[in-house]
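# Examining the three-dimensional arrangement
Listed below, chain by chain, are the residues.
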Amino acid sequence: MIFALELKKMRRTGFAPIFLGGGLLAGAVPLIDTAVRTETFTRLPGEPFSILMDANWSMMAQLTILLIVCGCCLIYHTEYAERGDLKMRTLPVSQIGLFCGKFGAALLYTLAALVFQGMALAFSGFYWFPEGIADFPKLFAGMGYELAMLLPTLALMLLIASFCQNMWGSLGAGVILTFLGSMIHGEHLTLTMLPFAAPYRTLYGTSAADVKTGLAICAIQTLLFLLIEIIYLRERRLHV
């Protein structure tokens, strides 16, 4: 019920076209890059999708993160702008349930954006690397891994947006964290697992042990941000 309500609210705010359009924009990156530099890519040794991800994922990940930042700010801006949050507090619904509903709805749109990006990578691999069609299952696994890496980013950005009644505050924090993550994503493993840096990691070239460690860290971070939101909502209820 809450999940369906959040989806309806997002459709009315223009959230859906923004996310889907952003997914298409990120998906256009490998298509344009490979079309322009076809010979450069096809001459490189290695798996086709590994080549495509290495060349394009950094830009695609940054666009996806910025999309999440803008989307989360928009979600809570509509709540605070018309005092919708105060009205929801008078209803017999769980406030943390509303947060989880927003998280689930935003995650669904993030998945849709990643599907567009995966389709673009698949087309690039099929069209310019016909021999790479056997690697499609690994591409699907890789996109699933990227979705897992985005979970803490999405949870943290929603948390920040829920703290800030002024959208410009949460937007500014999100943009700063986005560019900070882009600067540290190539450093030590500990830094690369920070929420706004982890999405730059790819399944290709990552050992099985690091993959398991990364997934575990992302799960813990997501649950931690959910716990912080629960504490925040309880304190707000007591003091407001």
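These figures come from a predicted structure and were not determined experimentally. (Residues numbered from 1 in each chain as written. Predicted model: local features only at pLDDT ≥ 70, side-chain atom pairs only at ≥ 80, totals over all residues. Heavy atoms only, no water.)

### Overview of the environment of Ala 61
Locating Ala 61 in the fold gives a position in helix 4 (residues 48–81). A relative accessible area of 0% places Ala 61 in the buried class. For Ala 61 and Ala 198, which are 137 residues apart along the polypeptide, the C-alpha to C-alpha distance reads 9.6 Å. With sequence-adjacent residues up to four places away left out, Ala 61 is seen in contact with Pro 199 and Tyr 200. (Helix = DSSP H or I, 4+ residues; strand = E, 2+ residues; numbered from the N terminus. Buried < 20%, exposed > 50% of the residue type's maximum accessible area, 1.4 Å probe, protein only. Contact = heavy atoms within 4.5 Å.)

### Digging into the packing of helix 2 (residues 15–36) against helix 6 (residues 95–128)
Two elements in contact, helix 2 and helix 6, have axes separated by 9 Å at closest approach and are oriented at 20°. With respect to each other, helix 2 and helix 6 are oriented roughly parallel. As for how helix 2 packs across helix 6, the hand of that crossing is right-handed. Mapping the contact onto sequence places Phe 15, Ala 16, Phe 19, Leu 20, Gly 23, Leu 24, Ala 26, Gly 27, Pro 30, Leu 31, Thr 34 and Ala 35 in helix 2 and Ala 106, Tyr 109, Thr 110, Ala 112, Ala 113, Phe 116, Gln 117, Ala 120, Leu 121, Phe 123, Ser 124 and Trp 128 in helix 6. Of the residues that constitute the contact of helix 2 with helix 6, the class distribution is 18 nonpolar, six polar and no charged. (Axes fitted to C-alpha atoms, helices over the stretch in contact; angles between N-to-C directions. Parallel < 35°, antiparallel > 145°, perpendicular 65-115°, else oblique. Left-handed = near helix turned anticlockwise from the far one by under 90°. Nonpolar A, V, L, I, M, F, W, Y, C, P; charged D, E, K, R; others polar.)

### Some thoughts on the environment of Met 193
Along the chain, the position of Met 193 falls in the loop between helix 9 (189–192) and helix 10 (208–239). Met 193 gets classed as buried once you look at its relative accessible area, which sits at 3%. When the C-alpha positions of Met 193 and Pro 152 are compared, they lie 9.5 Å apart, and in sequence the two are 41 residues distant. Discounting chain neighbours no more than four positions away, the residues touching Met 193 are Met 149, Ala 198, Arg 201, Gly 214, Ile 217, Cys 218 and Gln 221.

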